[in-house]
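Structural overview for review
The lines below spell out each chain.
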Amino acid sequence: MKVFINPGHHVTLDSGAVNPVTGDREVDIAIECAKLVEKYLLAAGVECTVGQYNELQEICDASNAYDADVFVSIHCNACESHEARGTETYYKSFSGQHLASCIQSQIIRSIAMIDRGVKEGNLYVLKHTEAVAALVELGFIDNMDDLAMLKDNTDTFARAIARGITDYEIA
Ligand SMILES: [Zn+2]
């Protein structure tokens, strides 16, 4: 199994969501988490790579060129009221739903995040990657409670995502 891990957004070109109080950026949390997922997958003997690109089609092209079996994109959420909280994972295909469920349930089991569930999403990177694909929104970076969870538990999130991926492989 080959896994393509995509931290959402781009360090210099697209910060993603930003916490309006602290300035914490989605892109930085996503990269830190993705690199840890890579570390834990490699430790488990799973072939994987991390790729981040500004253009959505570039992300899909890189995953497809890598010939990935599994594609996981890592993001943080935001909402206008700054009051929403919790983790949710998106899928497009039937097998993507299974992958998303494996990842979501490992996160909810490991970290006291609100469970927003797995959801079908018509997202570009889910539609245009050939791999079984899921996109995880770890939590709401613009909510102070979720931000604290994201920063204090980045390693735990990463371990949970890696376990979710290996759960999917075994099942
Ligand atoms: Zn994002």
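Residues numbered from 1 in each chain as written. Predicted model: local features only at pLDDT ≥ 70, side-chain atom pairs only at ≥ 80, totals over all residues. Heavy atoms only, no water.

Looking at an unreviewed UniProt entry, the chain carries the name N-acetylmuramoyl-L-alanine amidase, with the source organism given as Veillonella magna.

Strands sit in the order 2-1-3-6-4-5 across an open sheet of 6 strands; the sheet is mixed. The strands lining the two open edges of the sheet, one partner per strand, are strand 2 (47–50) and strand 5 (115–120). Taking each pair of neighbouring strands and ignoring which way they run, the sheet shows an average axis angle of 20°. Inspection of the sheet shows strand 4 (residues 87–91) paired to strand 5 by 4 bridges, in the parallel sense. Bridge pairing in strand 5 places Y91 opposite E120. Along the sheet, helix 1 (residues 26–43) contacts strand 1 (2–7), strand 2, strand 3 (70–77) and strand 6 (132–140); its crossing angle with strand 1, the most-contacted strand, is approximately 160°. The strands touched by helix 6 (residues 154–170) are strand 1, strand 3, strand 4 and strand 6; relative to strand 3, the strand with the most contacts, the crossing angle is about 150°. (Pairing = 2+ DSSP bridges. Helix = DSSP H or I, 4+ residues; strand = E, 2+ residues; numbered from the N terminus. Axes fitted to C-alpha atoms, helices over the stretch in contact; angles between N-to-C directions. Contact = heavy atoms within 4.5 Å.)

With that out of the way, let us pick up the packing of aromatic side chains. Overall, the coordinates contain 2 aromatic pairs when judged by the stated rule. Here the aromatic rings of F4 and F71 are separated by 5.9 Å at their centres, their planes lie at 10°, and the arrangement is stacked. Of this pair, F4 sits in strand 1 while F71 sits in strand 3, placing them 67 residues apart in sequence. The aromatic ring of Y66 is capped on one face by K2, whose charged end is 4.5 Å from the ring centroid. (Phe/Tyr/Trp six-rings, centres within 6.5 Å; stacked < 30°, edge-to-face > 60°. Lys NZ or Arg CZ within 6 Å of the ring centre and 35° of its normal.)

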